[in-house]
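# What the coordinates show
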Amino acid sequence: MKKRILVLCLALCLLLTGCSTGDKKAADIPGRLTIGNVNALCQDAQLLESGKELLTALSDDLLLCLALDSAAPATAEQLAGYDHIALISAKWLEQYGSSVQLETVDETALSNAQRSYLTQYMADRTVDGSALPGGAALYTLKKGSLSLLGADGKRIAAKQPLILLLDQPAVVLRADTCLLPLAASGNLFFASLERLSSALSQSALAGQASTAEVK
């Protein structure tokens, strides 16, 4: 009898462990936000505010990656030896670029052409209107390669990109001109489909957007 009880207890423990592991895996599946008409959403004050609230609520989950030169082509002078110029969130690098080694790039080392390019692209997309918002840092790769996302959401191999790394994109980037359009294009997604779906279901955006698993 005691042996039978012991076997049942062990089976129950294994079952609970399996459920816990399954829940964790479900919570760790990345998700994306599919927006029907992002331009109309961003022009509607109430929906835009709801979008900002959603991004703020999920700020720790934002996975952002964009090869800027795929959205705004850069000249050889603007690239200055780099193969791409990338806008990346620290969370994305942590999840998808953990094997690379970064090397700091001093802001003073940027050429006038590079500064002009970053200002032209970033000024309308940052909250403070700057090319390098607070908390941003510049890097390149010391070792390894990085798979970036182009403006069409397709992957681009980069061996020596100039990386603009952001700790808190939801804080320093505008929702209307940057974050929501990037979410619609597939350049911004979320660390947890489960948390994204839960937050969206409680948002006024529920009727304007849906969620999907990132493949």
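Summary of the structure given here. (Residues numbered from 1 in each chain as written. Predicted model: local features only at pLDDT ≥ 70, side-chain atom pairs only at ≥ 80, totals over all residues. Heavy atoms only, no water.)

A separate point is the packing of aromatic side chains. In this structure the tally under the stated criterion is two aromatic pairs. Pairing Trp-92 with Tyr-96 gives two aromatic rings, centres 5.5 Å apart and planes at 40°, and the pair type is tilted. With Trp-92 and Tyr-96 both in helix H6 (residues 90-96) and four residues apart, the pair spans about one turn of that helix. Judged by its relative accessible area of 1%, Trp-92 is buried. (Phe/Tyr/Trp six-rings, centres within 6.5 Å; stacked < 30°, edge-to-face > 60°. Helix = DSSP H or I, 4+ residues; strand = E, 2+ residues; numbered from the N terminus. Buried < 20%, exposed > 50% of the residue type's maximum accessible area, 1.4 Å probe, protein only.)

Quick look at the pairing of strand S5 (residues 136-143) now. Relative to S5, strand S4 (residues 101-104) runs antiparallel, the two being bridged by four bridges. For Glu-103, the partnering residue across the bridge sits in S5 and is Thr-140. Across four bridges, S5 lies against strand S8 (residues 161-166) in antiparallel orientation. Across the sheet, Leu-138 pairs through a bridge with Leu-164, a residue of S8. (Pairing = 2+ DSSP bridges.)

Packing of helix H3 (residues 45-57) against helix H9 (residues 175-185) brings their axes to within 11 Å, and their N-to-C directions diverge by 65°. The chirality of how H3 crosses H9 is left-handed. For the pair formed by H3 and H9, the contact residues are Leu-48, Gly-51, Lys-52 and Leu-55 on the first element and Ala-175, Asp-176, Leu-179 and Leu-180 on the second. For the contact of H3 with H9, a count of residues per class yields five nonpolar, one polar and two charged. (Axes fitted to C-alpha atoms, helices over the stretch in contact; angles between N-to-C directions. Left-handed = near helix turned anticlockwise from the far one by under 90°. Contact = heavy atoms within 4.5 Å. Nonpolar A, V, L, I, M, F, W, Y, C, P; charged D, E, K, R; others polar.)

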